[in-house]
Amino acid sequence: MPTRNLYFSHGTRSEKWLYEDLMIEQLRVFGQEVYYLPREIVARDNILGEAEISKFEAAYSIEMYVDNVSGFEGDNDIIGKFGLEVRDDVTLVVSKRRFDILVDQKTNVLNIDRPKEGDAIYMPVFKKMFQIQFVEDEDPFYQIADIPLYKLRCTTFEYNQEEIN
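The structure displayed is predicted, hence computed values, not measured ones.

Novice: Any details on the overall build of the protein? Residues and values, ideally.
Specialist: Counting its regular elements, the protein contains two helices and 10 strands. When each of the 165 residues of the protein is scored for burial, the buried share is 36%. The contacts of the protein with a sequence gap of at least 6 include a subset with a gap of at least 24, amounting to 60%. In the structure as shown, the protein presents an accessible area of about 11,000 Å², 51% of it carried by carbon and sulfur atoms.

Printed below as a string of structure tokens:
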């Protein structure tokens, strides 16, 4: 009959911090320095509930790990009626604690508790901008009774008259 490890209690605060510290160290070693750009909605379409006009006025540096090891996912490059479309998708991993530290800085104007859908991420290594489509907050699923990461599923940013400063 299988038994749990006797040396770990699977849920004490110190074990959670150790696990999270190891994850943060891994993200810093293998990750990329990216810029998180929070979206500010200027005007909203009340019928469809979408942002008609939005702007990006701040950029915050943070490390994220590119989860796709074999390159960009998605539909890749498509040649259509209107020219070349680049449809690259990427999954990025960011630590919850590092994101909270980014939000808690006194020099920024962020007042959110997690990355939001619609925000942008600029990756200087690839010279590409991505838009967050979905924030997965339950993967890896409750290891040591906690979830220390966010997985951001992003697609190539399509410029739609946003103001970017």
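The rest of the description comes next.
Novice: Can you tell me about unusual backbone geometry, naming the residues and giving the values?
Specialist: A positive phi angle is found at Lys127, which is not glycine, with a value near 55°. Among the structural elements, Lys127 can be located in the loop between β7 (120–123) and β8 (128–136).

Novice: Tell me about the pattern of salt bridges, residues and numbers included.
Specialist: Throughout the structure, instances matching the rule amount to seven salt bridges. Of the charged contacts, one joins Glu63 and Arg28 as a salt bridge, the two residues approaching to 3.7 Å between their closest N and O atoms. Of this pair, Glu63 sits in strand β4 (residues 60–66) while Arg28 sits in helix α1 (residues 13–30), and the two are 35 residues apart along the sequence. Each of Glu20, Asp21 and Arg97 takes part in salt bridges that share partners, so that together they form one network.

Novice: For the nonpolar core, give the residues involved together with the corresponding values.
Specialist: One finds Ile62, Met64, Leu92, Ile121, Leu152 and Cys154 to be the most contacted residues of the largest nonpolar core, which totals 22 residues. Mapped onto this core, the elements with two or more residues apiece are β1 (32–37), β4, β6 (83–95), α2 (96–104), β7, β8 and β9 (149–156). With four residues, β4 is the largest single contributor of residues to this core. Filtering out sequence-adjacent residues up to four positions away, Ile62 remains in contact with Gln32, Glu33, Val34, Tyr36, Val94, Arg98, Phe99 and Leu102.

Novice: Quick one: what's the story with α2, residue by residue and with numbers?
Specialist: One turn of an α-helix holds 3.6 residues; hence residues three or four places apart share an orientation. Along α2, the positions that sit buried rather than exposed are Lys96, Arg98, Phe99, Leu102 and Val103. Along the axis of α2, the buried residues cluster in a sector spanning 165°; they form a single face. N-cap assignment for α2: the residue whose side-chain oxygen lies 3.3 Å from the backbone N of Arg97 is Ser95.

Novice: Describe the pairing of β7, with residues and values.
Specialist: With three bridges connecting them, β1 and β7 associate as antiparallel partners. Across the sheet, Tyr36 pairs through a bridge with Ile121, a residue of β7. Hairpin remark: β7 followed by β8, antiparallel, with four residues in the connecting loop; positive phi at Lys127, about 55°.

Novice: I'd like a rundown of the packing of aromatic side chains, residues and numbers included.
Specialist: By the definition in use, this model includes three aromatic pairs. When the centroid spacing of 5.3 Å and the interplanar angle of 90° are considered together, the rings of Tyr36 and Phe99 count as edge-to-face. Linking Tyr36 in strand β1 with Phe99 in helix α2, this pair joins segments that are 63 residues apart in sequence. As far as the burial class goes, Tyr36 and Phe99 line up, both buried. Their ring planes at 85° and their centres at 6.3 Å tell us that Phe99 and Tyr150 sit as a pair that is edge-to-face. One end of the pair, Phe99, is in helix α2; the other, Tyr150, is in strand β9, with 51 residues separating them in the sequence. A network of ring pairs unites the aromatic residues Tyr36, Phe99 and Tyr150 as a single cluster.

Novice: An account of α1 is requested, with residue identities and associated values reported.
Specialist: Given a rise of 1.5 Å per residue, 18 residues ought to cover 26 Å, and the 26 Å separating the end C-alpha atoms of α1 matches this to within 8%. Within α1, burial applies to Glu15, Tyr19, Glu20, Met23, Ile24 and Leu27.

Reading the values: rules and limits
Residues numbered from 1 in each chain as written. Predicted model: local features only at pLDDT ≥ 70, side-chain atom pairs only at ≥ 80, totals over all residues. Heavy atoms only, no water. Helix = DSSP H or I, 4+ residues; strand = E, 2+ residues; numbered from the N terminus. Buried < 20%, exposed > 50% of the residue type's maximum accessible area, 1.4 Å probe, protein only. Contact = heavy atoms within 4.5 Å. Areas by Shrake-Rupley, 256 points an atom, 1.4 Å probe, with all protein chains shown as cover. Salt bridge = Lys/Arg side-chain N within 4 Å of Asp/Glu carboxyl O. Core = buried A, V, L, I, M, F, W, Y, C linked by side-chain atoms within 4.5 Å. Arc of directions from axis to C-beta. Polar contact = N/O pair within 3.5 Å; in protein donor to acceptor, adjacent residues only side chain to side chain. Pairing = 2+ DSSP bridges. Phe/Tyr/Trp six-rings, centres within 6.5 Å; stacked < 30°, edge-to-face > 60°. Expected span 1.5 Å × (residues − 1).

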